[in-house]
Amino acid sequence: MYGKIKEHLQHELAEIESAGLYKRERIIASPQRAEIEVAGRKVLNFCANNYLGLSDNPRLIEAAKKTMDARGYGMSSVRFICGCQDIHKELEKVIADYFGTEDTILYAACFDANGGVFEPLFSEEDAIISDSLNHASIIDGVRLCKAVRYRYANADMGELEECLKKAQAQRFRIIVTDGVFSMDGNAAPLDRICALAEKYDALVMVDECHSAGVLGETGRGITELYDLRGQVDILTGTLGKAFGGAVGGFTTGRREIIDMLRQRSRPYLFSNSLPPAVVGAGIETFKMLAESHELHDRLVANVEHFRAGMMAAGFDIKPTQSAICAVMLYDAKLSQEFAAKLQDEGVFVTGFYYPVVPKGQARIRVQVSAGHTIEQLDRCIAAFTKVGKELNVIK
């Protein structure tokens, strides 16, 4: 039975490899942190979403251990059948308090949160208006819903307004955008989006995965950056990036919306509750962030230092308001060669190319962390500069 499709898959895989687009996973033999062990040597990690440097934080590790000792290893059921622990409700409350929203629902991952948000709320009578660079999880979530679909060019408010005018033919409308676009590092113009939503009677949803913990005066995300705290209808996010780097997603927002998701959101209804250790560490994360803004302030300073050094060296870096610095190389094979040479120099990064980014827009995405020291940032800049000259990317 397997013979024909096996040959087909082998042929497809060979074509992917010959085009220089085959993805090989690299194995980390240490905790996730600013400096990790890969292939038997230590390298500086600049491709993790560990924005606040919390992935190996001793306080979170201890909280996870204590919670596991007190509440067990796993939940072994979905919530509507077997319920949840009180700590799950506590985590939902602290997330809502952090973002200034009314209620929160937990998911196994933000991919599930985005996949499960649209279908319970909207039907063929309604409209979803989505930014062209939204994350794949949003795209997949929209596909599962029968609502009329509109798409506008990235952060193009003129196109968004035209979509909103057309969508007046539908009953309800929702504008959906990433807070920070993960490949470019730019922040959505949420102030202008909300103004258009008010003008054309639309809801607003923002994916905060790459903006929570990063944007805003205290790191509370894009709604803090634009002084719109509590005014956006739906926020989705993850515990797997700035907030400790483990697993777990959430949707937070208007109380009635969250209640309806509890009734009808399929990834929530049919997935196990988060493990107690993850929940306990998650609660501790938000306690830490309420006590001090030190990690966020350090992240901001690190990003400014890295960008200044890279631009002084002559690299083409997309404008960013986040911890994501897209070093543009434009050629897919060059991005792979550049990343491989950087690893030889002790810098761990990944080259991105089509279909992850548009054709001709290959790049290395550098992700800066509060866990990096200035000395580590300077070593990274020096390695980029050396390889950039070797490959004729800079002079």
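For the structure itself, consult the block above.
Residues numbered from 1 in each chain as written. Predicted model: local features only at pLDDT ≥ 70, side-chain atom pairs only at ≥ 80, totals over all residues. Heavy atoms only, no water.

Draft legend 1. A look at the state of the cysteines. One pass over the structure, following the stated rule, counts zero disulfides. Cysteine Cys110 shares no disulfide, and the gap to the nearest cysteine sulfur, in Cys209, comes to 3.3 Å. Judged by its relative accessible area of 6%, Cys110 falls in the buried class. Sulfur of Cys194: no disulfide; nearest cysteine sulfur belongs to Cys163 and is 17 Å away. What makes Cys194 buried here is its relative accessible area of 16%. (Disulfide = S-S within 2.5 Å. Buried < 20%, exposed > 50% of the residue type's maximum accessible area, 1.4 Å probe, protein only.)

Draft legend 2. Structural context of the sheet that holds strand S10 (residues 324–330). Strand order in this open sheet of three strands is S10-S13-S12, and the pairing throughout is antiparallel. Edge positions in the sheet fall to S10 and strand S12 (351–352), since each of these pairs with one other strand and no more. Sheet topology places S12 next to strand S13 (residues 362–367); two bridges connect them, and they run antiparallel. Pairing of Gly351 across the sheet is with Ile364, part of S13. (Pairing = 2+ DSSP bridges. Helix = DSSP H or I, 4+ residues; strand = E, 2+ residues; numbered from the N terminus.)

Draft legend 3. Representation of the environment of Gln170 within the structure. With respect to the helices, strands and loops of the structure, Gln170 is situated in the loop between helix H7 (157–166) and strand S6 (173–178). Along the backbone, Gln170 and Leu196 are 26 residues apart, and their C-alpha atoms lie at a distance of 16 Å. Among all residues touching Gln170, those that are not within four sequence positions of it are Glu125, Asp126, Ala127, Val148 and Tyr150. (Contact = heavy atoms within 4.5 Å.)

Draft legend 4. The arrangement of the pattern of salt bridges in detail. The tally for this structure, following the rule as stated, stands at 23 salt bridges. As a salt-bridge pair, Glu294 and Arg298 come within 2.9 Å of each other at their nearest N and O atoms. Highlighted residues: Glu294 and Arg298, both in helix H13 (residues 294–313), separated by four residues, approximately one helical turn. Its relative accessible area of 33% is what places Arg298 among the partly exposed residues. (Salt bridge = Lys/Arg side-chain N within 4 Å of Asp/Glu carboxyl O.)

Draft legend 5. How the structure looks around the sheet that holds strand S2 (residues 41–45). Taken in spatial order, the three strands make up an open sheet running S1-S2-S11, and their pairing is mixed. Of all strands in the sheet, those with a lone pairing partner are strand S1 (35–38) and strand S11 (347–348), marking the two edges. With two bridges joining them, S2 and S11 adopt parallel strand pairing. In the strand pairing of S11, Asn45 is matched with Phe348. Along the sheet, helix H15 (residues 374–390) contacts S1, S2 and S11; its crossing angle with S2, the most-contacted strand, is approximately 95°. (Axes fitted to C-alpha atoms, helices over the stretch in contact; angles between N-to-C directions.)

Draft legend 6. Examining the environment of Thr223 more closely. For Thr223, the location among the structural elements is in helix H9 (residues 222–225). For Thr223, a relative accessible area of 2% corresponds to the buried category. Considered as a pair, Thr223 and Arg143 are 80 residues apart in the sequence and their alpha carbons are 27 Å apart. Setting aside its immediate chain neighbours within four residues, Thr223 contacts Leu190, Glu208, Leu228, Arg229, Val232 and Leu235.

Draft legend 7. Broad picture of the nonpolar core. Membership of the largest hydrophobic core comes to 83 residues, with the highest contact counts inside it found for Phe243 and Phe384. Ignoring anything within four residues of it in the chain, the contact list for Phe384 reads Met310, Phe315, Val327, Phe338, Leu342, Ile364 and Val366. Phe122, Ala147, Tyr268 and Leu269 belong to the second largest nonpolar core, which has 22 residues in total. (Core = buried A, V, L, I, M, F, W, Y, C linked by side-chain atoms within 4.5 Å.)

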